[in-house]
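# Architecture and fold: a report
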Amino acid sequence: MSNEVSGVDSLMSLAAQAKAGELVLDADVAVDCANACKEAIASLEESKSRMEGHTGLLPLGNFDCGDDLAVILSDTTKQYIARLDEHITCLRAIHDMVGAQVAESLTTDEETAAALSRMNA
């Protein structure tokens, strides 16, 4: 059995490090990446939703090769949906990783603004 860590596990580990404050990313890059992840997740979820409506067997005629083709298309669609789920999971892990950095930046900015406001008052 292999002891290799999967890509998703690595991303989850990085997300945990970011949430714990152990991973520091450039704030502008983190914001851009978080936004790109949100858009990509929404797009993949929309594609997945459309594909889920096509997992049943299609009526491709009343003959054996039509039935065989319908089964192949249905199985391929289900495999495609499973791969979309994997990609969505990876994007969510990336979003969590950079999202933690964005949240930290926003908190720091708000704290700095509040401190400056108190000093100027």
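What this report covers is the structure whose coordinates are included nearby. None of these values were measured; they are calculated from a predicted model.

### Topic: the overall build of the protein
- Scanning the protein from N- to C-terminus turns up three helices and zero strands.
- Each helix and strand of the protein, placed in order from N terminus to C terminus, yields the pattern α-α-α.
- Looking at the protein as a whole, 21% of its 121 residues are labelled buried.
- Here the analysis covers contacts within the protein between residues at least 6 apart in sequence; of these, 76% occur between residues at least 24 apart.
- Of the roughly 8500 Å² of accessible surface on the protein, a fraction of 56% belongs to carbon and sulfur atoms.

### What about the environment of Ala40?
- Its location among the elements puts Ala40 in helix H2 (residues 27-52).
- For Ala40, a relative accessible area of 27% puts it in the partly exposed group.

### Notes on the environment of Ser47
- Mapped onto the elements of the fold, Ser47 is located in helix H2.
- For the pair Ser47 and Ile81, spaced 34 residues apart in the sequence, the C-alpha separation amounts to 8.7 Å.

### Re the pattern of salt bridges
- Scanning the entire structure with this criterion turns up five salt bridges.
- Here Lys48 ties to Glu52 by a salt bridge, and the two come within 4.0 Å at their closest N and O atoms. In this pair, Lys48 and Glu52 both sit in helix H2, four residues apart, roughly one turn of the helix.
- Look at Glu52 and you get partly exposed, because its relative accessible area is 41%.
- Glu86 serves as the salt-bridge partner of Arg83, at 2.4 Å between the closest nitrogen and oxygen. With Arg83 and Glu86 both in helix H3 (residues 64-120) and three residues apart, the pair spans about one turn of that helix.
- You can call Arg83 partly exposed: its relative accessible area is 46%.
- If you follow the salt bridges from partner to partner, you end up with Lys48, Glu52 and Asp85 in one network.

Rules and cut-offs
- Residues numbered from 1 in each chain as written.
- Predicted model: local features only at pLDDT ≥ 70, side-chain atom pairs only at ≥ 80, totals over all residues.
- Heavy atoms only, no water.
- Helix = DSSP H or I, 4+ residues; strand = E, 2+ residues; numbered from the N terminus.
- Buried < 20%, exposed > 50% of the residue type's maximum accessible area, 1.4 Å probe, protein only.
- Contact = heavy atoms within 4.5 Å.
- Areas by Shrake-Rupley, 256 points an atom, 1.4 Å probe, with all protein chains shown as cover.
- Salt bridge = Lys/Arg side-chain N within 4 Å of Asp/Glu carboxyl O.

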